[in-house]
Structure formats: C-alpha cells, structure tokens
Amino acid sequence: MSVLVNKDSKIIVQGFTGKEGTFHASQMIEYGTNVVGGVTPGKGGQEHLGKPVFNTVADAVEKAGADTTLIFVPPAFGADAIMEAADAGIKVIICITEGIPTGDMVKVKAYLEGKEARLIGPNCPGVITPEEAKVGIMPGFIFKKGNVGIVSKSGTLTYEAADQVVKQGFGITTAIGIGGDPIIGTTTKEAVELLMNDEETEAIVMIGEIGGQLEADAAKWIKATGNKKPVIGFIAGQTAPAGRTMGHAGAIVGGADDTAQAKMAILRENGIHVVDSPAKIGEMVASVLK
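Residues numbered from 1 in each chain as written. Predicted model: local features only at pLDDT ≥ 70, side-chain atom pairs only at ≥ 80, totals over all residues. Heavy atoms only, no water.

Chemist: Describe the overall build of the chain, and please don't skip the residues or the numbers.
Modeler: Within the chain, the secondary structure is distributed over 9 helices and 14 strands. On C-alpha atoms alone, the chain measures out to a radius of gyration of 18 Å, which is about the 19 Å that the 2.2 N^0.38 rule sets for 290 residues. Considering only C-alpha atoms, the chain reaches an extent of 55 × 40 × 30 Å along its principal axes. Within the chain, residue pairs in contact and separated by at least 24 positions form 72% of the contacts whose partners lie at least 6 positions apart. Entry remark: accessible area of the chain is about 11700 Å², with carbon and sulfur atoms responsible for 52%. Charge centroids of the chain, computed over 26 positive and 33 negative side chains, lie 2 Å from each other. (Helix = DSSP H or I, 4+ residues; strand = E, 2+ residues; numbered from the N terminus. Rg over C-alpha atoms; globule rule 2.2 N^0.38 Å. Contact = heavy atoms within 4.5 Å. Areas by Shrake-Rupley, 256 points an atom, 1.4 Å probe, with all protein chains shown as cover. Lys, Arg positive; Asp, Glu negative; His and termini not counted. Charge placed at Lys NZ, Arg CZ, Asp CG, Glu CD.)

Structure representation (structure tokens):
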C-alpha cells in the first residue's frame, strides 16, 4: 500500500519543456516513475524526453489517461495551472512552484472545494512512494521502501528524516512534503490521516515549523482518534526570533502558540514522541518500532 502516488499513477508535468520541468521530469523517468507526458501550451504534438507534449491538461487526460500532475510553472501562472488540472479531472495535483501570491491561493482554495482533486503544496518538494513513483524534486536514492510514513513542511528535513530512518534499518511507505506557504492544499492533519489509514504504515514522522496551527491541529486529531500509530514529531525553528519570517512564507511566529517550544509542548501533551533535534528522528523511530 501507499498513499497519493504509486507505480500505477499516470503522471504528467505542467511546464514540461522548461528548464526545471525538463530536469526533474528526466530524474523521475530515470527513477522509474510512470510519466505519461507533459503540458506546454503551444507545443502540443511534439515529443520531449521521449514522451508526448500536450497543449492542455484536458488533452493529457483524454489522450494519455493522466490522473496525477506535477507543476513547474512560474508563480504568476501557478494558480491557473492548479485550477486547469482540477478542471480537467486530475485527482492528485502536486505543485512545486514557490512564490504563488497568497491572494491567488485564496481563489484556488475556494475553487477546489467540491472538486475531487487533492492539492499538495504549493512550495513543496513533492511526494514519493519509494521504488514506485517519485513525483517531485526529492533525491530518490535516499528513500527505501518500508513501513514509516513522513509528513513534512520542510523539504530538506524530509530527506534528512528519510535518510535516518533508512540507516536505522527501516524504510518509507510514502513521504509527503506538504509545503511551507501560508495557504496550502493539504494540511498536516490531512496528510497524517492518509498515512494513519494506510495498512502498511506502522509509524509516522511529522515534521513541522514555527507559524500557524497545522501541527497542533494534527496532534489533537491524533489523540482524539486514539493514537492508533506511534507518531514521531519535530518542530523546526527553535531559535527563531519572534515576528521574523524564517525561510518559508508560512514560518512566522504570530502568537504565543506559534513558537517551536509551544508546539512541541502541545505535541507531547497529545502523546507524540517529540525529539528536540532533527538528528534524533531516526533513533526515536527505531525505539518506538523495536
């Protein structure tokens, strides 16, 4: 089992022929991901990386059966790309683009209500089900198949956690980089819920950051549903000065509950195995699974 993407996913890349799209699509194909084509308006009918290019997402759905998309388009066109994919019937939309205006994402969030599409991101590293599908920009060689799910706001900490889990002799079911913007498609709680409902996932690593309520909401939901699986938690930004944005647009301390220390306290209160340093994630996973 896995969540969101697997070997049967039919994946397209929006912004396929651009520099970023080309580089990462070629890495995905090399990994063995089932890329069925890409979309670049005006280049429909051409071939790129040995795959067909379509003018629209609707064409890719109709002609290649696409059900999953990875978006590499400039920020100004990000919202339109997401809405076009949802309109065409794409089920999983993964948006890598950073810097999409918050006002645009407000419109996207409203547009997606009632649609079957699930958005991951924007400003995220993507989703990987090891040895099946890499849909994003993560270094695939770090990830090995196993029984630990990862949900993270941070791209680099996703890779770090996966590397530690693998070095402890375990592996990953699916790793989900949810993105670090103030408005994202899938929340920490929603991503954790997907992994809680996955039969093969035995433990979950949940990596958060200062700013917002996503981790607290997830922790309260985990406790309310009976702590069905062990969750290992880490919150980045412990030394961040109040009121300053740290890296991600969403990582800004807005109130007393937004600090790393306050979030870690909430996680502990709700039965989550909290580590104070990212270097301890792997050890904690090993201790709860052995």
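Alright, that's what it looks like, and here's the rest.
Chemist: Any chance you could break down the side chain of glutamate 132 for me, citing the residues and the numbers?
Modeler: Structurally, the position occupied by glutamate 132 is in the loop between β8 (126–129) and β9 (133–136). At 3.0 Å, the side chain of glutamate 132 forms a polar contact with the backbone nitrogen of lysine 7. In this structure the side chain of glutamate 132 is engaged in a polar contact, spanning 2.8 Å, whose partner is the side chain of lysine 145. Discounting chain neighbours no more than four positions away, the residues touching glutamate 132 are Asn6, Lys7, Tyr31, Gly32, Thr33 and Lys145. (Polar contact = N/O pair within 3.5 Å; in protein donor to acceptor, adjacent residues only side chain to side chain.)

Chemist: Go over the sheet that holds strand β3 (residues 47–48) with me, naming the residues and quoting the values.
Modeler: On the basis of which strands lie adjacent, the open sheet formed by 7 strands has the order β3-β4-β2-β1-β5-β6-β7 and mixed pairing. The sheet terminates laterally at β3 and β7 (118–120), the two strands that pair on one side only. With 2 bridges joining them, β3 and strand β4 (residues 51–54) adopt antiparallel strand pairing. Within β4, the position partnered with histidine 48 by the bridge is lysine 51. In the packing of helix α3 (residues 75–87) onto the sheet, the strands contacted are β1 (11–14), β5 (68–71), β6 (92–95) and β7, and the crossing angle to β6 comes to about 170°. (Pairing = 2+ DSSP bridges. Axes fitted to C-alpha atoms, helices over the stretch in contact; angles between N-to-C directions.)

Chemist: Lay out the pairing of strand β13 (residues 231–236) in plain terms, naming residues and giving numbers.
Modeler: Within a regular beta strand, the side chains point alternately toward one face of the sheet and then the other, so they alternate between its two faces. With 6 of 6 residues buried, β13 lies mostly within the body of the structure. Neither face of β13 is left uncovered, since the one carrying Val231, Gly233 and Ile235 and the one carrying Ile232, Phe234 and Ala236 both have all their residues buried. In this sheet, β13 lies alongside strand β12 (residues 203–209) in parallel orientation, the contact comprising 6 bridges. The residue of β13 that forms the bridge with methionine 206 is glycine 233. Regarding the hand of the β-α-β motif, the stretch spanning β12, helix α7 (residues 214–224) and β13 is right-handed. As paired elements, β13 and strand β14 (residues 273–274) share 2 bridges and run parallel to each other. Residue pairing across strands places isoleucine 232 opposite histidine 273, the latter belonging to β14. (Buried < 20%, exposed > 50% of the residue type's maximum accessible area, 1.4 Å probe, protein only. Right-handed = clockwise from strand over helix to strand, strands pointing away.)

Chemist: How would you explain the environment of phenylalanine 234 if you had to name every residue and give the values?
Modeler: Among the secondary structure elements, phenylalanine 234 is positioned in strand β13. If sequence neighbours within four positions are ignored, phenylalanine 234 has contacts with Leu157, Met206, Ile207, Gly208, Val275, Asp276, Ser277, Pro278 and Ile281.

Chemist: Just give me the short version of helix α6 (residues 188–196), but keep the residues and values in it.
Modeler: When α6 is considered as a whole, its buried residues turn out to be Thr188, Ala191, Val192, Leu195 and Met196. One face of α6 carries all of its buried residues, which in axial projection span an arc of 145°. Against the buried residues of α6 lie β10 (145–152), β11 (172–177), β12, α7 and β13. (Arc of directions from axis to C-beta.)

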